[in-house]
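Structural features, examined
Each chain is listed here by its residues.
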Amino acid sequence: TFTNPIFFACYLVMVLPIAVYCFSRITHGKKKIVSLLCIITIVGGIAGSYSRMPYLAVIVTVFVMLFMGWKYALTIVAASPVFLWIFPSGVYKRLLSLLDLRDGSIVTRANIWEACTEMLREKWVWGMGPGVGNVRDILISQYGIHQPHAHNLFIQLFLEGGIFGVLVFALIILWILFDMIVLCLRSKEGRPLAVAIIASLAGLLTCGITDYVLYGPKILQFFMMLLGLALAIKKIYPATPKKHKTNSTTLSS
């Protein structure tokens, strides 16, 4: 239960790679059908949200998932035209409206980001403190913009925590990405799930371009759970041992 369609779509973008991974790994008939239904309802939920940046996030997520392995990529490529065919035309019109610079929400976000840029010039070191209250009050009182936050994940974190706050967030993301990339290179078995985690993070960050997706506690909890999954699979999938060559003398001895 989400109070905002963008947050709902963002959550679905995050779980889509996990659902695709489960569908590809499960061999049991009934469970495979259930996982397929999950994928269908997830994609349908994203389409029904009519949220444009999550639409773009799905494209980014699907592209990252192609690196899960050739079997996964083949399944994704084969299934994509089917989903594209069943979507109503309104979905594509909604996505293409991102190019319309006269769109009301785009104009509003441009005004918000311009105002936030001016705030950052004064508070770029320490920020304005945690919480969206300070940013909201200044947007309303000084700029006449009645919006609750910066409508951008990265700008909002910068405004709240300054340069140190946004660097901490960046280090956390880079840490997880580095661990997942290392796992992809060292463990063939763990590669699909590691790529799924990367795809989920990529989808979340893409959604964060036009909205502060960590504004609500629900998305924040799922984000923390995703980070926990990333740390857990490092323990579950050890590095694949290297094969040592043995010569005939060693074998005979």
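It should be emphasised that the depicted structure is a prediction, and the values quoted were computed from it without experimental measurement.

Here the focus is the pattern of salt bridges. Between side chains of opposite charge, a pair can form when the charged atoms approach closely. The final tally for this structure, using the stated rule, is four salt bridges. As a salt-bridge pair, R102 and D100 come within 3.5 Å of each other at their nearest N and O atoms. Here D179 and K234 are joined by a salt bridge, their closest N and O atoms 3.0 Å apart. With D179 in helix 8 (residues 153-186) and K234 in helix 10 (residues 217-236), this pair connects stretches of sequence that are 55 residues apart. Classification of D179 by relative accessible area gives buried; the value is 13%. Look at K234 and you get partly exposed, because its relative accessible area is 35%.

Computed from the structure, the largest pocket encloses a volume of approximately 660 Å³. Lining the largest pocket are 26 residues, with V43, V58, V62, S80 and F83 sitting closest to its centre. For the lining of the largest pocket, the secondary-structure elements that each account for two or more residues are helix 1 (5-25), helix 2 (29-49), helix 3 (52-65), helix 4 (70-86) and helix 5 (89-96). Take the lining of the largest pocket: its biggest share by element is seven residues, from helix 4. Residues that form the lining of the largest pocket fall into these classes: 24 nonpolar, two polar and no charged.

What follows deals with unusual backbone geometry. Positive phi, close to 55°, is recorded for Y50, a residue that is not glycine. Judged by its relative accessible area of 38%, Y50 is partly exposed. Phi at H151 takes a positive value of approximately 55°, unusual for a residue other than glycine. Note that H151 resides in the loop between helix 7 (133-143) and helix 8.

So, on to the side chain of R109. Relative to the helices and strands, R109 resides in helix 6 (residues 104-123). The class for R109 is buried, based on a relative accessible area of 15%. Not counting chain neighbours up to four residues away, the residues in contact with R109 comprise I6, H151, T210 and D211.

Moving on: the packing of aromatic side chains. The tally for this structure, following the rule as stated, stands at nine aromatic pairs. Ring centres 6.2 Å apart and planes at 35° place the aromatic pair F169 and F223 in the tilted group. With F169 in helix 8 and F223 in helix 10, this residue pair connects regions lying 54 residues apart in the sequence. As far as burial versus exposure is concerned, F169 and F223 are alike and both buried. With a centroid separation of 6.4 Å and 50° between ring planes, the pair formed by Y212 and Y215 is classed as tilted.

Quick look at the packing of helix 8 against helix 9 (residues 191-207) now. Running from N to C, helix 8 and helix 9 cross one another at 165°; their axes reach a closest spacing of 9 Å. With respect to helix 9, the element helix 8 is oriented roughly antiparallel. The two elements helix 8 and helix 9 meet at a crossing, and its hand is left-handed. Contacts from L153, F154, F169, I173, I176, L177, M180, I181, L183 and C184 in helix 8 reach R191, A194, V195, I197, I198, L201 and L205 in helix 9. Its residues assigned to classes, the contact of helix 8 with helix 9 shows 16 nonpolar, no polar and one charged.

Rules used throughout
Residues numbered from 1 in each chain as written. Predicted model: local features only at pLDDT ≥ 70, side-chain atom pairs only at ≥ 80, totals over all residues. Heavy atoms only, no water. Salt bridge = Lys/Arg side-chain N within 4 Å of Asp/Glu carboxyl O. Helix = DSSP H or I, 4+ residues; strand = E, 2+ residues; numbered from the N terminus. Buried < 20%, exposed > 50% of the residue type's maximum accessible area, 1.4 Å probe, protein only. 1 Å grid on protein atoms, 1.4 Å probe; cavity = no way out; pocket = protein on both sides within 12 Å on 5 of 7 lines; lining within 4 Å. Points joined across faces, edges and corners; volume = space filled by probe spheres on them. Nonpolar A, V, L, I, M, F, W, Y, C, P; charged D, E, K, R; others polar. Contact = heavy atoms within 4.5 Å. Phe/Tyr/Trp six-rings, centres within 6.5 Å; stacked < 30°, edge-to-face > 60°. Axes fitted to C-alpha atoms, helices over the stretch in contact; angles between N-to-C directions. Parallel < 35°, antiparallel > 145°, perpendicular 65-115°, else oblique. Left-handed = near helix turned anticlockwise from the far one by under 90°.

Function cannot be read off these values alone, since they describe shape.
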